[in-house]
Amino acid sequence: MGRVYNFSAGPAVLPEEVLKEAAGEMLDYGGSGMSVMEMSHRSKVFETIINEAEQDLRDLMNIPDDYSVLFLQGGASQQFAMIPMNLMKNRVADFIITGQWAKKAYQEAQIYGKANAIASSADKTFTYIPDCSDLPISNDADYVYICENNTIYGTKFKKLPNTKGKLLVADISSCFLSEPVDVTKYGLIFGGAQKNVGPAGVVIVIIRKDLITEDTLPGTPTMLKYKIHDDHKSLYNTPPAYGIYICGKVFKRLKKLGGLKVMKEINEKKAAILYDFLDQSKLFRGTVVKEDRSFMNVPFVTGNEELDVRFVKEAKAAGLENLKGHRTVGGMRASIYNAMPMEGVEKLVEFMKKFEEDNTK
Ligand SMILES: *Cc1c(COP(=O)(O)O)cnc(C)c1O
């Protein structure tokens, strides 16, 4: 059996060239006589891998020198605790609740201080992004927190909130490297690699250097201090070495393709194929308000649960996998990350058209 079109939200599709290259290097990386999985993270060979990965990411995202790039573990979820432990100096932070991931970060922060939900789209099951132009930002807030692309609900902040001068912290797990980013607008950006970047096990944190201090909350474990990882250039302990190597290959590929501006154009075109179909379909409809639609995660429904289940099943049989919506939402969701070829979305829409014809007679 060949490869399928994998619409999983994460772990998600990786570029086939990257997988092939890694396969070719599996037994002997660059003449080292061993796999990257087998080599010391203190070796010259691995040092080059991680340094190049960092530099390529800096080039791609145009990351200024006063920001550090950290390759960590514990997934995006560990950042929900690590961020307050390191940044909640006044023990106050404001959260914009646009879905489950933002809510989890908000709940975790409550362990460490006063977390305020200053806006939410829970009233309409997170199908939109609230107006964030004039929010009641707390005077003593250490930061304002957002989940920039909501993987489960398929919404995206097209405009960053007005934080009234407070630090902005963003979870960009599911929109990482999907478009150009102005890093200077944020104090800290983070994302798990397994959505749009690489394999599970790596989380990337981009943090302004002045925010990296010894001054963490009492009881913060050594491993959860940004400073320790920054001082050791992400090599304080054994990093997720193989994952970083694959991320590095993805960065090189994106650079070769023309960088994030080109990725944005491709992603917009790719998403438009699906959204344009949804907007005129007699059977399917997208669940998100138009202005706030994500280009990465596209939830949709038929309005009939039985039909949804059958769609997912028949799509799978046609080589279109993992289209089932998140277990808390139902319906369908197509995650169309950077590595999903245009052809995959075209095949999906073709299949949807046929399914619609067969089921609207
Ligand atoms: C998947 C996801 C997470 C959780 O990531 P883990 O690596 O499993 O902890 C957090 N935030 C967003 C936006 C996600 O998509």
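Scroll up to find the structure.
Bear in mind the structure is a predicted one, so any value in this text is a computation, not a measurement.

Calculation notes
Think of each chain on its own: its residues are numbered from 1, step by step along the sequence as written. Where local features are concerned, this predicted model is filtered to residues with pLDDT of at least 70; where side-chain atom pairs are given and counted, the filter is 80 or more; whole-chain, interface and lining totals use all residues. Hydrogens and waters are ignored; side-chain quantities use all the structure's heavy atoms. In this scheme, a residue with accessible area under 20% of its type's maximum is buried, one over 50% is exposed, and one in between is partly exposed, where area comes from a 1.4 Å probe on protein chains only. The way it works is that DSSP assigns letters per residue, a run of H or I at least four long becomes a helix, a run of E at least two long becomes a strand, and they are numbered from the N terminus. Whether two strands pair comes down to DSSP finding at least two bridges between them. Whether a residue is near a molecule or strand depends on its heavy atoms: it is near if one of them lies within 4 Å of it. In protein, a polar contact requires one atom able to donate a hydrogen and another able to accept it; more generally it is a pair of N or O atoms within 3.5 Å, and residues adjacent in sequence count only if both atoms are side-chain atoms. Only the protein chains shown count as cover for residues, with accessible areas throughout obtained via the Shrake-Rupley method and a probe of 1.4 Å. Side-chain classes are defined by residue name, with Ala, Val, Leu, Ile, Met, Phe, Trp, Tyr, Cys and Pro counting as nonpolar, Asp, Glu, Lys and Arg as charged, and the others, Gly among them, as polar. A side-chain nitrogen of Lys or Arg and a carboxyl oxygen of Asp or Glu constitute a salt bridge if their distance falls within 4 Å. The aromatic pairing rule takes the rings of Phe, Tyr and Trp, using the six-membered ring of Trp, and pairs them if the centres are within 6.5 Å, calling planes under 30 degrees apart stacked, those over 60 edge-to-face and the rest tilted.

(A) Structural context of the pairing of strand E14 (residues 332–335). In E14, alternate side chains face the same way, and those of Met332 and Ala334 on one face and Arg333 and Ser335 on the other are all buried. When strand E12 (residues 297–301) meets E14, the two strands line up antiparallel, connected through four bridges. Note on E14: the bridge partner recorded for Phe300 is Met332.

(B) Spatial organisation of the site of the ligand. Every residue close to the ligand is listed here: Gly75, Ala76, Ser77, Phe80, Trp101, Cys147, Asn149, Thr151, Asp171, Ser173, Gln194 and Lys195. Note that an oxygen atom of the ligand is positioned 2.9 Å from one of the side-chain N or O atoms of Gln194. Contact with the protein chains hides 86% of the accessible area of the ligand, taken as 390 Å² for the molecule alone. Looking at which element gives the most residues to the shell around the ligand, the answer is helix H3 (residues 75–87), with four residues. Across the shell around the ligand, the residue classes tally to four nonpolar, six polar and two charged.

(C) Highlighting the pattern of salt bridges. Enumeration over the complete set of coordinates arrives at 22 salt bridges. Between Lys249 and Glu25 there is a salt bridge, with the nearest N and O atoms lying 2.9 Å from each other. Note that Lys249 is positioned in helix H6 (residues 241–257) and Glu25 in the loop between helix H1 (16–24) and helix H2 (44–61), a separation of 224 residues in sequence. Asp56 is the salt-bridge partner of Lys252, the closest N and O atoms lying 2.7 Å from each other. Placement of Lys252 in helix H6 and of Asp56 in helix H2 is noted, with a sequence separation of 196 residues between them. Beyond isolated ion pairs, a larger network of salt bridges with shared partners links Glu52, Asp56, Asp59, Lys252 and Lys255.

(D) Up close: the packing of aromatic side chains. By the definition in use, this model includes 17 aromatic pairs. Relative to Phe190, the ring of Tyr145 lies with its centre 6.4 Å away and its plane at 45 degrees, an arrangement referred to as tilted. Within this pair, whereas Tyr145 is found in strand E5 (residues 144–147), its partner Phe190 is found in strand E9 (residues 188–192), the two being separated by 45 residues in sequence. Accessibility expressed as a relative area gives 0% for Phe190, which makes it buried. For the pair Phe284 and Phe300, a centre-to-centre distance of 5.9 Å together with 75 degrees between the ring planes defines the contact as edge-to-face. Remark: Phe300 occurs in strand E12 and Phe284 occurs in the loop between helix H7 (260–280) and strand E11 (285–286); sequence separation between them is 16 residues. For the residue pair Phe284 and Phe300, the accessibility class agrees, reading buried in each case.

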